[in-house]
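Commentary on secondary and tertiary structure
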Amino acid sequence: MEEARNVTMGKRPEPQVSMAGSREPQVSTARSREPQVSMAGSREPQAGRVTELAESAWVIVLFCVACGAVAGALLPFLARLLLSLRWAPLKGPAELLTSVPEPALTLGTIAVGVLGGLLLGLSAVHDSLSVRVADTHVTLTIRDGSQEFAREEISVLFRDGKHLVVLAPSSMELAREHCGLPWRRLADALTEHGHTWAREDPYRAEFRRWVPGTPGLPPGADALLRARAKARKDGDGAEEARELRGELLRLGVVVRDEDKRQFWRVVSG
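If you're wondering where the values come from, they're calculated on a predicted model, not measured in any experiment.

**Points about the pairing of strand S7 (residues 173-178)**
- Summarising the sheet, strand S6 (residues 163-167) and S7 pair through five bridges and their orientation is antiparallel. Within S7, the residue paired with His163 across the bridge is His178.
- Here S6 folds back onto S7, and the loop between the two strands holds five residues, one of which, Ser171, carries a positive phi near 80°.

Next comes the structure, spelled out in structure tokens:
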């Protein structure tokens, strides 16, 4: 206690040295911030480090099979309930279904439900997105196709609703894919490898709502947006709408959807 008091109150030069030494924790604090800088992508890329993220195929298939089995088990009950009503549609198929004796009826409907769930699960796995992240590139794989983007091609990645979006330094949209991966894990993996992750579209304020005849669009873009709006109204027009999005990107127009509305912006770079 006395020695500490003497050091504090003394006028010798040693206390100044000890005070300067007391600043060492501040230096160590500044060093502790280095991981934040590396997360922003300033460190040198390393080609050997790779992180792969993919939805569990077994979980998807088992979930769909379970849902199909439950639906199949409930089908005989719903058919009998339908027949008990004075008036109801599809009474003919319901009577034909309930004419099958038990337990063959319930076992049969469960088997059909399981088969339907299995097919639905396999289709969902086929359409699920997997992401392979390295320091030097990012690879997106979906529907038996892959897109690989070098680090230099990517400006920022972000989440837009249920979609993962990749932008180029010119603000051009490189990819927009439906993503069922955990967003926090995906963001952590990307930043860990030095890629830039944003919480939202950095160009969101530049989007304008499309209405037929909107001025400012490149020639031909308005017609493509009309065709895309029609395709989105059709139940089976998702693939056509996707192709029309690609045609708009070739004209330098980026499109994002909100419910049934289309919003657009022109690539700035």
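**Some details on the nonpolar core**
- Residues Leu129, Val131, Val138, Leu140, Leu164, Cys179 and Leu186 are the most contacted members of the largest nonpolar core, which totals 19 residues.
- Contributing elements (two or more residues each) for this core: strand S2 (130-134), strand S3 (137-142), S6 and helix H8 (183-192).
- The element that contributes the greatest number of residues to this core is H8, accounting for four residues.
- Contact partners of Cys179, with chain neighbours within four places excluded, come to Leu129, Lys162, His163, Leu164 and Leu186.
- With ten residues, the next largest nonpolar core counts Leu217, Leu244, Leu248 and Trp264 among its residues.

**Quick word on the sheet that holds S6**
- Strand order in this open sheet of four strands is S7-S6-S5-S8, and the pairing throughout is mixed. Looking along the sheet, the strands with just one partner apiece sit at the ends: S7 and strand S8 (197-198).

**Things to note about a negative patch on the surface**
- A grouping of Asp236, Glu239, Glu240 and Glu243 is seen on the molecular surface, where their side chains present a negatively charged patch.
- Here Asp236 lies in the loop between helix H9 (221-233) and helix H10 (238-250).

The rules behind these values
- Each chain carries its own residue numbering, running from 1 in the direction its sequence is written.
- Given that this is a predicted model, residues contribute local features only at a pLDDT of at least 70 and side-chain atom pairs are listed and counted only at 80 or more, while totals for whole chains, interfaces and linings are drawn from all residues.
- Side-chain figures throughout are based on the complete set of non-hydrogen atoms in the structure, without hydrogens or water.
- We treat two strands as partners when DSSP finds at least two bridges between them.
- Counting from the N terminus, the helices are DSSP H or I runs at least four residues long and the strands are E runs at least two residues long.
- In this text, buried Ala, Val, Leu, Ile, Met, Phe, Trp, Tyr and Cys residues form a nonpolar core when linked through side-chain atoms within 4.5 Å.
- Exposed residues in this analysis have more than 50% of their type's maximum accessible area, buried residues have under 20%, and partly exposed residues fall in between, with area computed by a 1.4 Å probe over protein chains only.
- Contact criterion: two residues are considered in contact whenever any of their non-hydrogen atoms come within 4.5 Å of each other.
- Nonpolar side chains (Val, Leu, Ile, Met, Phe, Trp, Tyr) within 5 Å and like charges within 9 Å form the patches, drawn only from residues with over 30% relative accessible area and no salt bridge.
- We get accessible surface area from the Shrake-Rupley algorithm with a probe of 1.4 Å; when it comes to residues, only the shown protein chains can shield them.
- Between Lys or Arg on one side and Asp or Glu on the other, a salt bridge is scored when a side-chain nitrogen of the former is within 4 Å of a carboxyl oxygen of the latter.
- None of His or the chain ends enter the tally, which takes Lys and Arg as positive and Asp and Glu as negative.
- Every charge is mapped onto a representative atom, which is NZ of Lys, CZ of Arg, CG of Asp or CD of Glu.

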